[in-house]
Amino acid sequence: MGSVSAETVVEISGLEKTFRIGFWRKQVAAVRHASFSVQRGEIFGLIGPNGAGKTTTLKILMGLIKPDAGSATIFGIDASQAASRAKVGFLPETPHFYDYLRADELLTYFAHLYGMDSKAAARRIPELLDRVGLGQVGDKQLRKFSKGMLQRVGLAQALLPDAELVILDEPQSGLDPMGRRDVRQIIESLRDEGKTVLFSSHILPDVEQICDRVAMMVGGTVRKVGRLDELVDGSLRDVEVVVRGGEAGLAGLAALATRTTREPLGTTRYLLAPEASLDGFLQAVLTAGGSVLSVAPHRQRLEDIFLLEAARKEAP
Amino acid sequence: MKTVAAIALYSFREAVRNKILYSILFFAILLILLSVVLGSASVHQDSRFLLDIGLFSINLFGDIIAIFLGITSVFQEIERKTLYNVLSKPIDRATYFLGKFGGIAMTLAVQLLLMAAALSATLLLRGGSVDLQLLGAFWLTYVESVMIASFALFCGSFSTPYVSGFITLGVWLIGRLVQELAAFLDKVEEPASRHLLQGIVALAPDLNFFTITTQLTYGYPVGLAYFGAVTLYGLGYIVVAMGAAIFIFRRRDFI
């Protein structure tokens, strides 16, 4: 984990946003009294199911949506002010670009929007294209790019201003495993450079791997915020034992497990409660004439907390 | 200012890629060329006829292009979500909107130059002349089309292209008929309708000011003061329309 100083980069406090949708202007609360903060130098994950309010929160931070109540600041400046975005790079969810432009032309345009002069842009752009793995195709029109390549262009434009804060909305969306790994590495390298990264994601193993802290949003509210080791205690959830043979004693073995799954190749998968006696179960397998193929303890993961919170209707 | 220029330049690049604009331009130039054929049928009047039809074409098609660009340029960016990447940069929404307006003004200038060049060339080939008065007529047509584009942009800041197009077309029609509407005022007796009509006549731009075809075809000189006054008149409407558009655009959510 990177070192975390006390300087607050992003501060969200009591944020509220309700959309009025359709002909009858039906009210849909997208964000409800959300509060969290991101400190300088940390990688902060915003996780939650679809419709949790993650994208709305990030769009409020980028000044694309006005909040109904509460405040959102970046480096202490209200997020509705253009100045708050001077040192911020942003990758929207499934980014869309001018497809008639070449990748380097698009980045040149955005460099001008960041106030960079042409010389500085000409130095920075090839370097960035290389960093996101598009060094060889910078002179190709974006309409010829695959979804994964466009996501990389999106990452390149987010890194364009040498930002102190990088906000990424679902950066791994639509990427193959190699692309996901590359994004993960880019985020980790940003941390090594002392940048602050705030990103939303559904891919919880990646969040677990790279985030210092997370905020879990469900139904527009922030349910949990904290360091991963505070949220996930790592306690034993269950033990999985895979057995071959031992059909004669199956009924007896099943009685000792919380779940039994017969598999096509003649193996049986048993889940034992944490408090169950593993020695006693293994002894019973041998007695029944079976052989133990594997024993795997399952510890609590972020996904367990996530599913638990998502299943709960309202915050306590 | 550099940012406005960058947005304007890329908006221009996007606009000139639109095939619909070329179709409109093609019809405008076709109509100018057709007026040669039609004009040759009139005795000793072919230059006047050519000037009349030519300026009418440039005016009409210039305004059509202005409406088209005004209602689609920002809307397309919202629909295609390219706007998110632009507005998330450290730029004010007013800067973005002024850049889009600048891009439209540049596109209209190029389109008008092409149409004006076609008419001027045709006039010269038919033995006519191109003088400062004609260039002034082109300029006023340009100011009118930029003003129409600003109305379309204003409507586009809060509604869909169809609604914006409909409203802008309404403004354009009223602007063309404002003198007739003013003359009709005396005949309206019902107070509410009269007040409504009075309001429309007072607020609507009189587009007839931007057309000096009659003066040109009959050789009446138009002074520099007139060109200046009408330019300022158009500029006033542009400032109000853009100010209102930016006011609304700044309050929009981009979901």
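1. Side note on the sheet that holds strand S13 (residues 267–272) of chain A
Residue and element names in this part refer to chain A.
Thinking step 1. Spatially, 4 strands are ordered S12-S13-S11-S14 in an open sheet, and the strand pairing comes out antiparallel. The two strands at the open ends of the sheet, each matched to only one other strand, are strand S12 (259–262) and strand S14 (290–299). Neighbour to neighbour, the strand axes of the sheet diverge by 15° on average, direction disregarded.
Thinking step 2. Note that strand S11 (residues 236–245) and S14 share 9 bridges and pair antiparallel. Residue pairing in the sheet places Arg244 in a bridge with Ser291 of S14.

2. Comments concerning the pairing of strand S3 (residues 43–47) of chain A
All names here are of chain A.
Thinking step 1. The buried count for S3 comes to 5 of 5 residues, which makes it a mostly enclosed element.
Thinking step 2. Of the two faces of S3, the one lined by Ile43, Gly45 and Ile47 and the one lined by Phe44 and Leu46 are each fully buried.
Thinking step 3. Here S3 runs beside strand S8 (residues 196–201); their pairing, made up of 5 bridges, is parallel. In the sheet register, Leu46 faces S8, and the bridge partner there is Ser200.
Thinking step 4. As defined by bridge partners, S3 adjoins strand S9 (residues 213–218) across 4 bridges and the pair is classed as parallel. Residue Ile47 lies in a different strand from S9, and its bridge partner there is Met216.

3. Describing the side chain of Glu42 of chain A
Residue and element names in this part refer to chain A.
Thinking step 1. Of note, Glu42 is situated in the loop between strand S2 (26–39) and S3.
Thinking step 2. Of the residues examined, Glu42 reaches a relative accessible area of 1% and is grouped as buried.
Thinking step 3. A polar contact is formed between the side chain of Glu42 and the backbone nitrogen of Gln39, at a distance of 2.8 Å.
Thinking step 4. For Glu42, the side chain forms a polar contact with the side chain of Arg213, separated by 2.9 Å.

4. Focus on the packing of aromatic side chains
Residue and element names in this part refer to chain B.
Thinking step 1. For the coordinates displayed, the defined rule picks out 18 aromatic pairs over all chains.
Thinking step 2. With a centroid separation of 5.4 Å and an interplanar angle of 55°, the aromatic rings of Phe249 and Phe254 are classed as tilted.
Thinking step 3. Relative accessible area serves as the criterion here: at 1%, Phe249 is assigned to the buried category.
Thinking step 4. By relative accessible area, which is 1% here, Phe254 ends up buried.

5. Observations regarding a nonpolar patch on the surface
Residues and elements named next belong to chain B.
Thinking step 1. Together, Phe26, Phe27, Leu30, Leu34, Val37 and Leu38 give the surface a local cluster of nonpolar side chains, amounting to about 580 Å² of exposed area.
Thinking step 2. Mapped onto the elements, Leu30 comes out in helix H2 (residues 19–40).
Thinking step 3. The exposure class of Leu30 is partly exposed, given its relative accessible area of 35%.

6. Considerations on the domain arrangement of chain A
Thinking step 1. The assigned domain composition of chain A is domain 1 (8–231) and domain 2 (236–299).
Thinking step 2. Its C-alpha centre places domain 1 of chain A at a distance of 45 Å from the equivalent point of domain 2 of chain A.

7. As for unusual backbone geometry
Thinking step 1. Within the chain, Glu170 of chain A stands out as a residue other than glycine whose phi angle is a positive 50°.
Thinking step 2. Position of Glu170 of chain A relative to the elements: it lies in the loop between strand S7 (165–169) and helix H5 (177–192).
Thinking step 3. Notably, Lys81 of chain B is not glycine yet its phi reads approximately 65°, a positive angle.
Thinking step 4. Mapping Lys81 of chain B onto the fold places it in the loop between helix H3 (46–79) and helix H4 (82–87).
Thinking step 5. You can call Lys81 of chain B partly exposed: its relative accessible area is 36%.

Thresholds, definitions, all that
- Residues numbered from 1 in each chain as written.
- Chains lettered and ligands numbered in written order.
- Predicted model: local features only at pLDDT ≥ 70, side-chain atom pairs only at ≥ 80, totals over all residues.
- Heavy atoms only, no water.
- Pairing = 2+ DSSP bridges.
- Helix = DSSP H or I, 4+ residues; strand = E, 2+ residues; numbered from the N terminus.
- Axes fitted to C-alpha atoms, helices over the stretch in contact; angles between N-to-C directions.
- Buried < 20%, exposed > 50% of the residue type's maximum accessible area, 1.4 Å probe, protein only.
- Polar contact = N/O pair within 3.5 Å; in protein donor to acceptor, adjacent residues only side chain to side chain.
- Phe/Tyr/Trp six-rings, centres within 6.5 Å; stacked < 30°, edge-to-face > 60°.
- Patch = residues over 30% accessible without salt bridge, like charges linked within 9 Å, V, L, I, M, F, W, Y side chains within 5 Å.
- Areas by Shrake-Rupley, 256 points an atom, 1.4 Å probe, with all protein chains shown as cover.
- Salt bridge = Lys/Arg side-chain N within 4 Å of Asp/Glu carboxyl O.
- Domains from an automatic or database assignment.

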